[in-house]
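Reading the structure
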Amino acid sequence: MPTMADVARSAGVSVATVSHVLNGTRPVLPHTRQAVLDAVDELGYTPNTLARSLVTSRTRSIGLAVSAISNPYFTEILQGVEAGALEHGYSLLIADPHDDPDHECKVVQLLHERRVDGMIVAPSADPRELVSYLGRHRVPTVFLDRVIDGVIEDAVGGAAEGAVGGAAEGAVGGAVEDPAVGPQRFDQVCAENTGPMARLVAHLAGLGHRRIGLVAGLPGLSTTAERITGYRQGLTAARLPYDDGLVVHGDSASAGAERATATLLSRAAPPTALVTANNAMTIGTLRALRDRGLSVPDDLALCCFDDFAWADLFSPRLTAIAQPSREIGAQAVRVLLERLAAPNRPARTVRLDCAFVHRTSCGCPDSGKRGRPSQSSRSAQSSPSSQPSQPSQPTQPSQFEKGNVS
């Protein structure tokens, strides 16, 4: 097996120059760099990653801890993380915390013990122990999909640098203050939640619905809280009252959504339209409607947060908010690498735009367009007092009966 010394002899340079070219530790003249790369290619040299890690204290590996890897949303995020890591020469170690705070801490500790250079984590609904561990051990970390603002102070006893809800790229991220070691900064990458959810509700209200139900996610998750906020903003924009009886938690799972939808349908005055807060819960809601012989959109209009590959194959086709899942994963890698390069820079939260995908489950006529995203829904510029963009009115009277669903 060729060594770095063999490459140096073939290229006519020193071993140190070969090291600088391969590790990017010092600028090298273009013709010298090319000579080294040609020698590497000719000899078939493979860098000794283990030896390099002993010298640099870097393993060029990233730990990824996300729950529900089987969920298409997280699968696409994983693909984005993997592509981003590979592009920059990093390997990936993956663990599933199962949205359980105790298991979450165990898998993160195991990843840390494998000497990963940094971590990308989708935190559970109670990440206090997780944040405390990462803060104590100074682990460079990017929180993915869900933000941790509001739990930081409880975790370590310090103060957050700033609340982020609804912030755009460049905003202050999460930080904890440990008297023993000083501040620990956490970057965060996620999609917009509030504005896009408000748009779904406003769209249904524009079709004439006055009782719009929400199948919300797992309590404690920032995504759940932000989407409920968006739901309320959509009602406010449409001048509709908020009814606590129309909001049920499906716990971000298909089975939970099936039970939650059954609860909504059993109300004395059930909703005429539903919004589901993630793709897994959309499936559970559709099962519950099927079991009761109800059809979408004739008996009940449906919009969902999260688009997925087969949403366009349902009959009717699902009107949805599409999250940029692969880009979220790729962006998390970029932010983590920026953190590794500049450990003391201010923490930030990056929120990416979502797209409104207008199909037919909401009750609108089929436009003939096969599920292309329409204009972006930017809640990066939304605040709790902002109004969602108003939906266009349907081109023909709604087919819905606005009374109770029997």
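Residues numbered from 1 in each chain as written. Predicted model: local features only at pLDDT ≥ 70, side-chain atom pairs only at ≥ 80, totals over all residues. Heavy atoms only, no water.

**Some thoughts on the overall build of the chain**
Inclusion rule: Numbering goes from the N terminus for both helices and strands, where a helix is a DSSP run of H or I of at least four residues and a strand is a run of E of at least two. Here a residue-residue contact requires only that any non-hydrogen atoms of the pair lie within 4.5 Å. Using a 1.4 Å probe, the Shrake-Rupley method yields the accessible areas, and only the shown protein chains count as cover for residues.
Looking only at helices and strands, one finds 13 helices and 15 strands in the chain. Taking the intrachain contacts of the chain between residues at least 6 apart in sequence as the baseline, contacts between residues at least 24 apart amount to 72%. Surface exposure of the chain reaches about 18100 Å², of which carbon and sulfur atoms provide 51%.

**Comments concerning the packing of helix H1 (residues 4-11) against helix H3 (residues 30-43)**
Think of two packed helices as two axes; the pair is described by the angle between the axes and how far apart they sit. Applied cut-off: Lines fitted to C-alpha atoms define the axes, with helix axes restricted to the stretch in contact, and inter-axis angles between N-to-C directions lie between 0 and 180 degrees. Here the word oblique covers every angle except those under 35 degrees (roughly parallel), over 145 (roughly antiparallel) and from 65 to 115 (roughly perpendicular). By the definition used in this description, the sense in which the near helix is turned from the far one sets the handedness, with an anticlockwise turn below a right angle giving left-handed and a clockwise turn giving right-handed.
Where H1 contacts H3, the two axes come as close as 9 Å, and the packing angle between them is 120°. Classified by the interaxial angle, the pair formed by H1 and H3 is oblique. Note that H1 runs across H3; the crossing there is right-handed. Facing Asp 6, Val 7, Ser 10 and Ala 11 of H1, the residues of H3 in contact are Ala 35, Val 36, Ala 39, Val 40, Glu 42 and Leu 43.

**Some details on the pattern of salt bridges**
Selection rule: A pairing counts as a salt bridge when a side-chain nitrogen of Lys or Arg comes within 4 Å of a carboxyl oxygen of Asp or Glu. Residue exposure (1.4 Å probe, protein chains only): buried if accessible area is under 20% of the type maximum, exposed if over 50%, otherwise partly exposed.
Per the counting criterion, the structure on display carries twelve salt bridges. In this structure, Asp 145 engages Arg 146 in a salt bridge whose closest nitrogen and oxygen atoms are separated by 3.6 Å. Overall, the relative accessible area of 6% leaves Arg 146 in the buried class. Taken together, the shared-partner salt bridges in this structure form one network comprising Asp 99, Asp 145 and Arg 146.

**Here's the deal with the environment of Ala 255**
Counting through the fold element by element, Ala 255 comes out in helix H11 (residues 254-265). The partly exposed category is assigned to Ala 255, whose relative accessible area is 43%. Spatially, the C-alpha atoms of Ala 255 and Thr 285 are 8.7 Å apart, while their sequence positions differ by 30 residues.

**Considering the pairing of strand S12 (residues 319-322)**
The condition that has to hold: When DSSP finds at least two bridges between two strands, those strands are taken to pair.
With burial as the criterion, each face of S12 is covered, one bearing Thr 319 and Ile 321 and the other bearing Ala 320 and Ala 322. Note: strand S11 (residues 301-305) against S12, three bridges, orientation parallel. The residue of S12 that forms the bridge with Cys 303 is Thr 319. Pairing of S12 with strand S14 (residues 354-357) involves three bridges; the strand directions are antiparallel. Residue pairing across strands places Ala 320 opposite Val 357, the latter belonging to S14.

**Brief notes about the nonpolar core**
In plain terms, the rule: Only buried Ala, Val, Leu, Ile, Met, Phe, Trp, Tyr and Cys residues count toward a nonpolar core, and they belong to the same one when joined by side-chain atoms within 4.5 Å.
Ile 120, Ile 212 and Tyr 231 are the most contacted members of the largest nonpolar core, which totals 70 residues. Counting residues per element, this core draws most heavily on helix H13 (residues 325-341), at seven residues. Other than its neighbours up to four places away in sequence, Ile 120 contacts Ile 62, Gly 63, Leu 64, Ala 65, Val 81, Val 142, Leu 144, Ala 332, Val 333 and Leu 336. Cys 105, Leu 111, Leu 130 and Phe 143 belong to the second-largest nonpolar core, a separate cluster that totals 17 residues.

**Brief notes about the packing of helix H6 (residues 101-113) against helix H7 (residues 128-136)**
Contact geometry of H6 with H7 gives a least axis separation of 9 Å together with a crossing angle of 20°. Taken together, the axes of H6 and H7 lie roughly parallel to each other. Pair H6 / H7 crosses with right-handed handedness. Taking contact as the criterion, the partners of Glu 104, Cys 105, Val 108, Gln 109 and His 112 in H6 are, on H7, Glu 129, Leu 130, Tyr 133 and Leu 134.

**Notes on unusual backbone geometry**
Here the residue pair Val 296 and Pro 297 is connected by a cis peptide bond, since its omega of 5° sits within 30 degrees of zero. Within the secondary structure, Pro 297 sits in the loop between helix H12 (279-291) and S11. A positive phi is found at Arg 115, a non-glycine position, where the angle reads about 60°. Positionally, Arg 115 belongs in the loop between H6 and strand S3 (118-121). Its identity is not glycine, yet Arg 239 carries a phi of approximately 60°, on the positive side. Within the element layout of this structure, Arg 239 appears in the loop between helix H10 (222-237) and strand S9 (247-249).

**Considerations on the side chain of Asp 187**
By the secondary structure assignment, Asp 187 is in strand S7 (residues 182-191). The contacts of Asp 187, once residues within four sequence positions are left out, are Thr 141, Val 142, Phe 143, Val 335, Arg 339, Arg 345, Pro 346, Ala 347 and Arg 348.

**Some words on the confidence of the model for the chain**
In plain terms, the rule: Each residue carries a pLDDT value, the predictor's own confidence for that position, ranging from 0 to 100.
Summing up the model confidence of the chain, the mean pLDDT is 82 and the portion of residues at 70 or higher is 78%. Predicted confidence is poor over residues 152-172, with pLDDT under 50, and the contacts of this stretch with residues over four places away or in other chains come to 55 contacts. Scored below 50 in pLDDT, residues 374-406 makes 70 contacts in the model with residues more than four places away or belonging to other chains.

**Quick notes on the environment of Leu 246**
Summarising the element assignment, Leu 246 is placed in the loop between H10 and S9. Residues Leu 246 and Pro 270, spaced 24 residues apart in sequence, show a C-alpha to C-alpha distance of 7.8 Å. The residues contacting Leu 246, other than those within four sequence positions of it, are Arg 211, Ile 212, Gly 213, Leu 214, Tyr 231, Leu 264, Ala 269 and Pro 271.

**Structural notes on the packing of aromatic side chains**
Rules: Side-chain rings of Phe, Tyr and Trp, where Trp is taken by its six-membered ring, are said to pair if the distance between their centres is within 6.5 Å; with planes under 30 degrees apart they count as stacked, over 60 as edge-to-face, and otherwise as tilted. Ring-over charges, as used throughout, are those where CZ of Arg or NZ of Lys falls within 6 Å of the ring centre and within 35 degrees of the ring normal.
In this structure the tally under the stated criterion is three aromatic pairs. Ring geometry for Tyr 73 against Phe 74: centres 5.2 Å apart, planes inclined by 65°, an arrangement best described as edge-to-face. Note on Tyr 231 and Tyr 242: the rings are 6.3 Å apart at their centroids and 75° apart in plane angle, and the pair reads as edge-to-face. One end of the pair, Tyr 231, is in helix H10; the other, Tyr 242, is in the loop between H10 and S9, and eleven residues separate them in sequence. The ring of Phe 305 carries the charged tip of Arg 227 above its face, separated from the ring centre by 4.0 Å. In this structure, Arg 232 packs its charged tip against the face of Tyr 242, placed 3.7 Å from the ring centre.

**With respect to helix H2 (residues 15-23)**
Operational definition: Think of it as the arc spanned by the lines of direction from the helix axis to the C-beta atoms.
Listed as buried for H2 are Thr 17, Val 18, His 20 and Val 21. One side of H2 carries all its buried residues, which in axial view fall inside an arc of 160°. Against the buried residues of H2 lie H1 and H3.

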